[in-house]
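# Examination of the molecular architecture
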Amino acid sequence: MIRFEKVTKAYPGPGKPALDSVTVEVEKGEFVFLVGASGSGKSTALRLILRETRPSDGRVYVAGKEINRLAGWKVPRLRRQIGTVFQDFRLLNTKSVGENVAFAMQVTGHSRKEIRRAVPETLEMVGLQGKASRMPDELSGGEQQRVAIARAVVNEPMILIADEPTGNLDPATSNDIMTLLERINAETDMTVVMATHDESIVDRYRKRVIELHQGRLVRDEAGGGYGGRPTTTPQGV
Ligand SMILES: Nc1ncnc2c1ncn2[C@@H]1O[C@H](COP(=O)(O)OP(=O)(O)OP(=O)(O)O)[C@@H](O)[C@H]1O
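What you are looking at is a predicted structure, and each value in this text was computed from that prediction instead of being measured.

Quick notes on the rules
- Residues numbered from 1 in each chain as written.
- Predicted model: local features only at pLDDT ≥ 70, side-chain atom pairs only at ≥ 80, totals over all residues.
- Buried ≥ 20, exposed ≤ 12 C-beta atoms within 10 Å, placed from the backbone.
- Helix = DSSP H or I, 4+ residues; strand = E, 2+ residues; numbered from the N terminus.
- Pairing = 2+ DSSP bridges.
- Axes fitted to C-alpha atoms, helices over the stretch in contact; angles between N-to-C directions.
- Parallel < 35°, antiparallel > 145°, perpendicular 65-115°, else oblique.
- Left-handed = near helix turned anticlockwise from the far one by under 90°.
- Contact = placed C-beta atoms within 7 Å.
- Nonpolar A, V, L, I, M, F, W, Y, C, P; charged D, E, K, R; others polar.
- Domains from an automatic or database assignment.
- pLDDT = per-residue confidence, 0-100.

### Brief notes about the pairing of strand 3 (residues 31-35)
- Among the five residues in strand 3, five count as buried, and that is most of the element.
- Bridge count between strand 3 and strand 8 (residues 191-195): four bridges; the pairing is parallel. Within strand 8, the position partnered with V32 by the bridge is V193.
- Bridging between strand 3 and strand 9 (residues 208-213) involves four bridges; their strand directions are parallel. When the sheet's bridge partners are listed, F33 is paired in strand 9 with V209.

Shown next as structure tokens:
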């Protein structure tokens, strides 16, 4: 579903590349934690998947397409296949909960009938039934993140990218959000890539762990915890 082949990303200016010859593959339906210290290249990897930036070298494939070769007009179609969730929720604060979720369907050209059906269904799936007319600032952080997740999945993307989704939440609420992400992954077979610093989450949920260190892939371990041992053969080559 996602494949990096010797991907290097160097931003302009001096210093090491943000990603340095990373080769890794994530299959459809997997749930993967992407870990590493601040500056290790996690956000860069996620931005490459979304084609918000392009590799300096190597190839990035998403759903069988090499995204660097994708024509500009096809990028919106690629992005429609990818739902995104962030630490800071990024809701539209002037729109209600229901409108936030509906908006994601409006911009992708769904009919009003489809939207009327899917929005309540999705809000129920994330545990927000009855809250469609609330405004985001009337919700707790955990509830706001549920709205963001509903918005990310309402168009049934193939991939869900979550960049520190529990970063602003207390431990109990973080666990609720993890339970929800796990359920979405299990029930829909959506591929989930979650960048996180949250050691307790990584240790508790025991997913595949991909670890970056200064732009290099140093660990790729099924069911690994946060502090597993780096592999001695970076890139697995
Ligand atoms: N737009 C940019 N221009 C120049 N350098 C950048 C840019 N974005 C990131 N970098 C650099 O690339 C490296 C990797 O950054 P990146 O944001 O991918 O790391 P990260 O692991 O996501 O960090 P964090 O956990 O703090 O979000 C860092 O050295 C960073 O300073």
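### Details of the packing of helix 3 (residues 97-106) against helix 4 (residues 112-125)
- Interhelical geometry of helix 3 versus helix 4 gives an angle of 130° and a closest axis separation of 10 Å. On the basis of their axis angle, the class for helix 3 and helix 4 is oblique. The two elements helix 3 and helix 4 meet at a crossing, and its hand is right-handed. Along its contact with helix 3, which presents V97, G98, V101, A102, M105 and Q106, the element helix 4 presents E114, I115, A118, V119, T122 and L123.
- For the contact of helix 3 with helix 4, the class distribution of residues is eight nonpolar, three polar and one charged.

### Section: the sheet that holds strand 9
- If you walk across this open sheet you meet the six strands as 6-7-8-3-9-10, and the pairing is mixed. Here the strands that pair on one side only, and so sit at the sheet edges, are strand 6 (82-86) and strand 10 (216-221). When strand polarity is set aside, the average angle formed by the axes of neighbouring strands in this sheet is 15°.

### Let's talk about the domain arrangement of the protein chain
- Each assigned domain of the protein chain is listed here: domain 1 (2-81 + 158-236) and domain 2 (91-156).
- Here the C-alpha centroids of domain 1 and domain 2 sit 25 Å apart.
- Each side of the interface is counted separately: domain 1 has eleven residues, and domain 2 has ten residues.
- Among the elements that line the side of domain 1 that touches domain 2, the one with the most residues is helix 6 (residues 171-188), at five residues.

### Things to note about the confidence of the model for the protein chain
- On average, residues of the protein chain carry a pLDDT of 94, and 96% of them reach 70 or more.
- Scored by ipTM, the complex comes to 0.96, with pTM at 0.93.

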